Amino acid sequence: MSAQPSVLVEVVDGIATITLNRPETRNSLTPEIRTELPAALIRVRDDDAVNAIILTGAGGAFCSGGDIAHMVQSDEGGLHWRERMRKLHQWFPELVNMQKPVIAAVDGAAFGAGFSLALAADFILATPRARFCAVFGRIGLVPDLGAMQLLPRIIGQQKAKELVFTARTVMAEEARQLGIVYGIADNAEALMAEARALAGRFKAASTAAIGMSKTIMNQAFELDARAMSELEAYAQTLCRGSEYHRDAVQRFKSKQPLAFDWDRASGQ
């Protein structure tokens with residue numbers, strides 16, 4: 001076993017970069033990664049200095065999915081696998097509902113549960129060699145780690161069924177056209193630079209407002225309009241009382257630039 005951590009966490013200038021660090025297995029969800037990734041998510045979740053998160057993989061792959069080698073070697077029964085899935089489901093919502101912007105930087109394969117990990121991000125940036133695949137059907141399994149909920153919400157039910165039933169590979173450009181990928185960088189180096197640039201643009205934003213907006217929008221397919229309106233009212237009330245909002249109002253009154261202005265930052 002390598003002495004290197006299976007998951008690396010680096011925090012620089014308000015941006016936390018979480019790197020799956022098992023390139024020899026194409027960053028599959030080994031027992032070590034399944035243990036260390038939840039801890040990394042909790043760490044960046046609770047770090048007030050972190051404004052945005054980048055999730056990526058080392059060695060030219062994002063995440064190849066489940067640990068097939070462990071599946072082959074294991075002779076444990078069905079209850080073991082149910083418990084294993086339940087443990088994944090304990091921490092995966094922390095990623096989906098992270099109240100900070102999450103950017104998946106995908107270079108190489110995002111297969112199986114690795115595809116699910118990418119889908120859990122708010123934005124997916126990719127290189128031309130990025131490949132996405134709900135590969136489960138090739139070995140007689142169903143999509144897991146939230147893919148059957150997340151994928152239809154991003155690309156629609158019919159297209160999601162096609163990708164799941166066929167288990168075919170989707171290249172970066174098609175993924176961009178489908179709405180899975182937010183942007184494509186030229187290469188791995190440019191990918192991380194663009195991911196950091198995107199994450200950095202949230203530095204001056206209200207983390208609380210983004211977090212509450214994300215939490216509510218993540219419920220948009222489950223709740224009716226009345227329930228969504230109630231959540232909106234509660235969240236807006238909290239935001240109106242925040243120091244961030246009061247400062248922004250004062251800036252507006254005194255004709256000073258707002259701390260967070262995406263259009264101004266992008267030159268629009």
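A quick note: this is a predicted structure, and the numbers were derived from the prediction, not measured.

Trainee: Looking at this structure, how should I read helix α1 (residues 31-46)?
Mentor: Over its 16 residues, α1 extends 24 Å from the first C-alpha to the last, a length consistent with the 22 Å expected when each residue adds 1.5 Å. Listing the buried residues of α1 in full gives Ile 33, Arg 34, Leu 37, Pro 38, Ala 40, Leu 41 and Val 44. In an axial view of α1, the angular spread of the buried residues amounts to 160 degrees, which keeps them on one side of the axis.

Trainee: Honestly, the sheet that holds strand β6 (residues 123-126) in this entry has me stumped. Any pointers?
Mentor: Think of a sheet as strands paired side by side through backbone hydrogen bonds, with each pair either parallel or antiparallel. Within the open sheet, the six strands sit side by side as β1-β2-β3-β4-β6-β9. Their pairing is mixed. Two strands in the sheet have a free side with no partner beyond their single neighbour: β1 (7-12) and β9 (183-184). Bridge count for β6 against β9 is two bridges, and the pairing is parallel. When the bridges of β9 are listed, Ala 126 appears paired with Ile 184. Here helix α8 (residues 188-200) sits on the sheet in contact with β2 (15-20), β3 (52-57), β4 (102-106), β6 and β9, set at roughly 175 degrees to β4.

Trainee: I keep staring at the pattern of salt bridges and nothing clicks. Help me out?
Mentor: If you walk through the whole model with that rule in mind, you get 13 salt bridges. Between Asp 13 and Lys 203 there is a salt bridge, with its nearest N and O atoms 2.6 Å apart. Highlighted residues: Asp 13 in the loop between β1 and β2 and Lys 203 in the loop between α8 and α9 (207-217), separated in sequence by 190 residues. Judged by relative accessible area, Asp 13 falls into the exposed class, the value being 55%. With a shortest N-O distance of 2.5 Å, Glu 173 and Arg 176 are connected by a salt bridge.

Trainee: Sorry, what's going on with the packing of aromatic side chains here?
Mentor: Two aromatic rings are characterised by how far apart their centres lie and by the angle between their planes. Within the structure shown, the criterion is met by six aromatic pairs. For the ring pair Trp 91 and Phe 92, a centre distance of 6.1 Å and an interplane angle of 75 degrees mean the geometry is edge-to-face. Taking the relative accessible area as the measure of exposure, Trp 91 reaches 8% and is therefore buried. When the centroid spacing of 5.3 Å and the interplanar angle of 50 degrees are considered together, the rings of Phe 202 and Trp 262 count as tilted. Here Trp 262 lies in helix α12 (residues 262-265) and Phe 202 lies in the loop between α8 and α9, a separation of 60 residues in the sequence. By relative accessible area, Phe 202 is classed as buried at 9%. Judged by relative accessible area, Trp 262 falls into the partly exposed class, the value being 26%. An aromatic cluster of at least three residues, connected via ring pairs, comprises Phe 123, Tyr 182, Phe 202, Phe 260 and Trp 262. The ring of Trp 262 has Arg 201 sitting right over it, with the charged end atom 3.8 Å from the ring centre.

Trainee: Explain the nonpolar core here, please?
Mentor: For soluble globular proteins, the rule of thumb is that nonpolar side chains tend to be buried together. Within the largest apolar cluster, 49 residues are counted, with the highest numbers of intra-cluster contacts made by Leu 37, Leu 117 and Phe 132. The contacts of Leu 37, once residues within four sequence positions are left out, are Val 7, Ile 18, Leu 20, Leu 55, Trp 91 and Leu 117.

Trainee: Quick question: what am I supposed to make of the pairing of β6 here?
Mentor: Successive residues of a regular strand alternate their side chains across the two faces of the sheet. Sheet analysis places β4 next to β6, joined by four bridges and oriented parallel. Along β6, the bridge assignment pairs Val 106 with Ala 126.

Trainee: I tried to follow the sheet that holds strand β7 (residues 131-133) on my own but got confused; where do I start?
Mentor: Judged by pairing direction, the sheet is mixed, and its three strands sit side by side in the order β5-β7-β8 without closing on themselves. Among the strands making up the open sheet, the edge pair consists of β5 (109-111) and β8 (169-171). Strand-to-strand twist of the sheet, defined as the mean angle between neighbouring strand axes without regard to direction, takes the value 20 degrees.

Criteria and thresholds
- Residues numbered from 1 in each chain as written.
- Predicted model: local features only at pLDDT ≥ 70, side-chain atom pairs only at ≥ 80, totals over all residues.
- Heavy atoms only, no water.
- Helix = DSSP H or I, 4+ residues; strand = E, 2+ residues; numbered from the N terminus.
- Expected span 1.5 Å × (residues − 1).
- Buried < 20%, exposed > 50% of the residue type's maximum accessible area, 1.4 Å probe, protein only.
- Arc of directions from axis to C-beta.
- Pairing = 2+ DSSP bridges.
- Contact = heavy atoms within 4.5 Å.
- Axes fitted to C-alpha atoms, helices over the stretch in contact; angles between N-to-C directions.
- Salt bridge = Lys/Arg side-chain N within 4 Å of Asp/Glu carboxyl O.
- Phe/Tyr/Trp six-rings, centres within 6.5 Å; stacked < 30°, edge-to-face > 60°.
- Lys NZ or Arg CZ within 6 Å of the ring centre and 35° of its normal.
- Core = buried A, V, L, I, M, F, W, Y, C linked by side-chain atoms within 4.5 Å.

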